[in-house]
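Commentary on secondary and tertiary structure
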Amino acid sequence: MLLRMSTLFLRTLREDPADAEVPSHRLLLRAGMIRRAAPGGFTWLPVGKLVLDRVTQVVREEMAAIGGQELSFPALLPREPYETSGRWTAYGADIFRLKDRRGAEYLLAPTHEEMFALLVRDTLNSYKDFPVILYQVQSKFRDEARPRAGLLRGREFLMKDAYSFDLDEAGLAEAYDKHRGAYQRIFDRLGLDYTVVAAMSGSMGGSASEEFLAASPVGEDTFVGCTHCDYAANTEAVITPAPAPSDPAIRPALEVHDTPDTPTIDTLVELANARRLGGRADWTAADTLKNVVVTVTPPGADPYLLVIGVPGDREVDLKRAEAALHPAGVAMFDAWSTRPDLVRGYIGPQKLDQRYLVDPRVVPGTSWLTGANEPGRHAVNVVCGRDFTPDGTIEAAEVRAGDPCPGCGSGTLTMRRGIEIGHIFQLGRHFTDAFQVDALGRDGKPVRPLMGCYGIGLSRAVAAIAEQHHDERGLVWPREVAPFDVHVVAAGKDLGPAAVELGGRLAARGRRVLVDDRAQVSAGVKFTDAELIGIPEAVVVGRRFAEGYVEWRDRATGERTEVPLDHV
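Bear in mind that the values here come from a model prediction, so they are computed numbers and not experimental data. (Residues numbered from 1 in each chain as written. Predicted model: local features only at pLDDT ≥ 70, side-chain atom pairs only at ≥ 80, totals over all residues. Heavy atoms only, no water.)

Here the largest pocket defines a volume of roughly 1700 Å³. Lining the largest pocket are 50 residues, with Asp 94, Arg 142, Glu 144, Arg 153 and His 326 sitting closest to its centre. Of all the elements in the fold, those that place two or more residues in the lining of the largest pocket are β9 (156-166), α8 (318-325), β22 (413-428) and β25 (450-457). In terms of residues, the lining of the largest pocket owes the most to one element, β22, which gives five residues. Split by residue class, the lining of the largest pocket holds 21 nonpolar, 14 polar and 15 charged. The calculated volume of the second largest pocket comes to roughly 520 Å³. Lining the second largest pocket are 24 residues, with Pro 263, Lys 290, Asn 291, Val 292 and Gly 345 sitting closest to its centre. Contributing elements (two or more residues each) for the lining of the second largest pocket: α7 (265-274), β15 (289-297) and β19 (367-374). Examining the composition of the lining of the second largest pocket, we find that five residues originate from one element, β15, more than from any other. (1 Å grid on protein atoms, 1.4 Å probe; cavity = no way out; pocket = protein on both sides within 12 Å on 5 of 7 lines; lining within 4 Å. Points joined across faces, edges and corners; volume = space filled by probe spheres on them. Helix = DSSP H or I, 4+ residues; strand = E, 2+ residues; numbered from the N terminus. Nonpolar A, V, L, I, M, F, W, Y, C, P; charged D, E, K, R; others polar.)

Here is the structure:
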């Protein structure tokens, strides 16, 4: 393949676009690879489309290697299957909904579990037909409230979604492991630095769930690792180690104290130590029980209030709370005038007439300094299991670097940010139950298949690669995904034809070649564009061409070497 920049549909930009927030967004726009078409929607221009196609080809090759078979569903789908699964309501405002001229309701699919389950139900009917792995490469749609960061958070995006169907748990586990291995090979080939982390299943349902996160300071996901073992998890999936319970009866009696002007944890701790409340002068924020009121809004239902109790040295992380309460939305409660029984800054769990969930560290026998449900008053020796009984536990407290590892108990947690590039799930029978998918087993009795779901964001993967492979001059594509193998630059007057001829020779040997043969463009601009576009190798046809030499440049290392023309 050979393309010439004199005729290529490509316009590079010298300056960063004002609305581009992250490096991948800025560089892909400046390199003429994408162009904004609408909020959260981008046009793939010819050179960018070549990169996207290379990424997609890697994925197709690795899916074929594990027996995946590709098909394609429409993106415009009827309401009924999603009503059956419950996700028409569960998705809330996150999906695009529309009606046809007859009033029938549709959606632009954010994912296709329902359709794959229906297809298997209507097509496969015997144990002899299983196991099977089906996948597609298709645009997905989500009504993001605030599209941002270019390809990283859009309303339309290209995705590979695969689904496995097996007749027993062992088969599902094997399919899951196959996909996990395939994903590792894919991301290794794409040149990504990534971590596999434990994750929440969210709207997908099911049990086992892992994310593949590409390390990046602009990533929207925060994940933890351990200093001692290989534990890794999205912060939403981190399990808090709980202390052993103790006998509540051995604790001192509850005492209520006047604590004026202490609506915050810091002011409360300062006063408690100054007055030696409970006979102590060593109170810390971790000894207090903070009770936070949130509004929970289940899809299609009325909102309700929930009080969450966490140690006072922690904040409630709304993303963790939403993950725990999915698919409900969670927001901080602020209509205090409507609930005079909830005394802001002085709420305690004792005699609390409200649903109450606590952090796993709040176990029977633990004693706390907390609100007394009266203005200007707090209580000490408030003991779980004696003075209050929670309705359950919730993982909603913030996770911090230095927390004990829930995996080994010996190490501590470190924290990094990452871009989600893949997610795999063991769905189980969540969808096959909904659609009554059955196959005839070996014994002649019906067997309900188990599903796995395996997604890769292809357009997001391009952005993640750009985030990890760039420098101050532009993009630095890994060879596996680069739009071309070689960028031939005509750097002297009247050398365009020679550059094209050299490019043709390289293309004849199977190299993918881009030739900059623009006649009215200076060599400096051509070199700037070459570095911006980021092709792995450049061959400069310049001042020593007449002597039989060209300059070879390596984009990643910056190495430059003059080589004989017949060695190219």
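Next, the rest of the story.
With that out of the way, let us pick up the packing of aromatic side chains. Under the definition given, this model contains ten aromatic pairs. Between Tyr 183 and Phe 212, the aromatic rings sit 5.4 Å apart at their centres with planes inclined by 55°, giving tilted as the arrangement. In this pair, Tyr 183 is assigned in helix α6 (residues 169-189) and Phe 212 in strand β11 (residues 209-215), connecting sequence segments 29 residues apart. The exposure classification of Tyr 183 matches that of Phe 212, with both residues buried. Look at Tyr 194 and Phe 212: their rings are 6.3 Å apart centre to centre, the planes differ by 40°, and that puts the pair in the tilted class. (Phe/Tyr/Trp six-rings, centres within 6.5 Å; stacked < 30°, edge-to-face > 60°. Buried < 20%, exposed > 50% of the residue type's maximum accessible area, 1.4 Å probe, protein only.)

Look at helix α2 (residues 46-65) against helix α10 (residues 458-468): their axes get within 9 Å of each other, and the N-to-C directions meet at 110°. Classified by the angle between their axes, α2 and α10 sit roughly perpendicular to one another. Two packed elements cross with a definite hand, and for α2 against α10 that hand is right-handed. For the pair α2 and α10, contact is made by Val 51, Leu 52, Val 55, Thr 56 and Val 59 and by Leu 458, Ser 459, Ala 461, Val 462 and Ile 465, respectively. Residue composition of the contact of α2 with α10, grouped by class: eight nonpolar, two polar and no charged. (Axes fitted to C-alpha atoms, helices over the stretch in contact; angles between N-to-C directions. Parallel < 35°, antiparallel > 145°, perpendicular 65-115°, else oblique. Left-handed = near helix turned anticlockwise from the far one by under 90°. Contact = heavy atoms within 4.5 Å.)

Geometrically, the link from Phe 130 to Pro 131 is a cis peptide bond, its omega value of 0° lying close to zero. In this fold, Pro 131 is placed in the loop between α5 (113-123) and β8 (132-141). Unlike most non-glycine residues, Arg 276 shows phi in positive territory, near 50°. A relative accessible area of 49% means that Arg 276 is categorised as partly exposed. At Gln 436, a residue that is not glycine, the phi angle is positive and equals roughly 50°. Its place among the elements puts Gln 436 in the loop between α9 (430-434) and β23 (439-440).

So, about the side chain of Glu 210. As for its position among the elements, Glu 210 is in strand β11. Judged by its relative accessible area of 15%, Glu 210 falls in the buried class. Only 2.9 Å separates the side chain of Glu 210 from the side chain of Arg 180, close enough to count as a polar contact. (Polar contact = N/O pair within 3.5 Å; in protein donor to acceptor, adjacent residues only side chain to side chain.)

Moving on: the pattern of salt bridges. Counted by the stated rule, this structure contains 52 salt bridges. Note that Arg 87 is salt-bridged to Glu 114, the shortest N-O span being 2.7 Å. Here Arg 87 is found in helix α4 (residues 87-90), whereas its partner Glu 114 is found in helix α5, with 27 residues between them in sequence. The exposure class assigned to Arg 87 is buried, which follows from its relative accessible area of 3%. (Salt bridge = Lys/Arg side-chain N within 4 Å of Asp/Glu carboxyl O.)

What follows covers the sheet that holds strand β17 (residues 329-332). The strands making up a sheet associate through backbone hydrogen bonding, with each pair oriented either parallel or antiparallel. Reading across the sheet, the five strands line up as β17-β15-β16-β18-β21 and stay open at both edges, with mixed pairing between neighbours. Each edge of the sheet is formed by a strand with only one pairing partner; in this case those strands are β17 and β21 (392-393). As paired strands, strand β16 (residues 304-311) and strand β18 (residues 356-358) are joined by three bridges and run parallel to one another. The residue of β18 that forms the bridge with Gly 309 is Val 358. (Pairing = 2+ DSSP bridges.)

The next thing to look at is the pairing of strand β3 (residues 41-44). With four bridges connecting them, strand β2 (residues 34-38) and β3 associate as antiparallel partners. By the bridge assignment, Arg 36 is partnered in β3 with Phe 42. Linking β2 to β3, which pair antiparallel, is a turn of two residues; within it Gly 40 sits at a positive phi near 80°.

A separate point is the sheet that holds strand β14 (residues 255-258). Spatially, the three strands line up as an open sheet ordered β14-β20-β19, and their pairing is antiparallel. The outermost strands of the open sheet, each flanked by one partner alone, are β14 and β19. Neighbouring strand axes in the sheet, compared pairwise and without regard to direction, differ in orientation by 30° on average. Sheet topology places β19 next to strand β20 (residues 377-383); five bridges connect them, and they run antiparallel. Bridging across to β20, Ser 367 finds its partner in Val 383.

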